[in-house]
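Summary of the model geometry
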Amino acid sequence: MANKKSAIKETRKTATNTTRNLMVKTRLKTLTKKARAALTGEDLDAARSAVTQVISAYDKAVKSNIVHKNKARRHKSAFYAELAAKA
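The model shown is predicted, which means the values in this text are computed figures rather than measured ones.

Scoring rules and cut-offs
- Residues numbered from 1 in each chain as written.
- Predicted model: local features only at pLDDT ≥ 70, side-chain atom pairs only at ≥ 80, totals over all residues.
- Heavy atoms only, no water.
- Helix = DSSP H or I, 4+ residues; strand = E, 2+ residues; numbered from the N terminus.
- Core = buried A, V, L, I, M, F, W, Y, C linked by side-chain atoms within 4.5 Å.
- Buried < 20%, exposed > 50% of the residue type's maximum accessible area, 1.4 Å probe, protein only.
- Contact = heavy atoms within 4.5 Å.
- Axes fitted to C-alpha atoms, helices over the stretch in contact; angles between N-to-C directions.
- Parallel < 35°, antiparallel > 145°, perpendicular 65-115°, else oblique.
- Left-handed = near helix turned anticlockwise from the far one by under 90°.
- Nonpolar A, V, L, I, M, F, W, Y, C, P; charged D, E, K, R; others polar.
- Patch = residues over 30% accessible without salt bridge, like charges linked within 9 Å, V, L, I, M, F, W, Y side chains within 5 Å.
- Areas by Shrake-Rupley, 256 points an atom, 1.4 Å probe, with all protein chains shown as cover.
- Salt bridge = Lys/Arg side-chain N within 4 Å of Asp/Glu carboxyl O.
- Lys, Arg positive; Asp, Glu negative; His and termini not counted.
- Charge placed at Lys NZ, Arg CZ, Asp CG, Glu CD.

Moving on, we come to the environment of Lys71. Tracing the chain through its elements places Lys71 in helix H3 (residues 69-86). Residues Lys71 and Tyr58 lie 13 residues apart in sequence; the distance between their C-alpha atoms is 9.1 Å.

Time to look at the nonpolar core. Formed by 18 residues in total, the largest nonpolar core has its most connected members in Leu28, Leu39, Val51, Val54, Tyr58, Val67 and Phe79. When contributions to this core are tallied by element, the ones reaching two or more residues are helix H1 (5-40), helix H2 (44-63) and H3. The element contributing the most residues to this core is H2, with eight residues. The contact partners of Leu39, leaving out residues within four places of it in the chain, are Ala47, Val51, Phe79, Glu82, Leu83 and Lys86.

Close contact between H1 and H2 brings their axes to 8 Å; oriented N to C, the two are set at 155 degrees. Taken together, the axes of H1 and H2 lie roughly antiparallel to each other. The two elements H1 and H2 cross, and the hand of that crossing is left-handed. Between H1 and H2, the contacting residues are Val24, Leu28, Leu31, Thr32, Lys34, Ala35, Ala38 and Leu39 on the first element and Ala46, Ala47, Ala50, Val51, Gln53, Val54, Ala57, Tyr58 and Ala61 on the second. By residue class, the composition of the contact of H1 with H2 is 14 nonpolar, two polar and one charged.

Okay, a positive patch on the surface next. Where like charges cluster on the molecular surface, the positive patch consists of Lys25, Lys29, Lys33, Lys71 and Arg74. Secondary-structure elements contributing two or more residues to the positive patch are H1 and H3. Here the positive patch gets three residues from one element, more than from any other, and that element is H1. Turning to its location among the elements, Lys33 is positioned in helix H1.

Here is the structure:
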């Protein structure tokens, strides 16, 4: 257990940030699954919408340093490629 006041505060901050990061990563996984399902389906508009949502979520996660920018670029590129192949 931390003894100093600053160490106790840092422990609280870490718990808060961990919870926030987990929520964002879980949302990314959910949106990714929805986008993959939409890309395998027939509806092109639904696929575009789903891909737009997941790309936006990746951009926001990169902006808040939850996901590395190269990982986001890799995933975005794959989604764009799948969408282009479907169209």
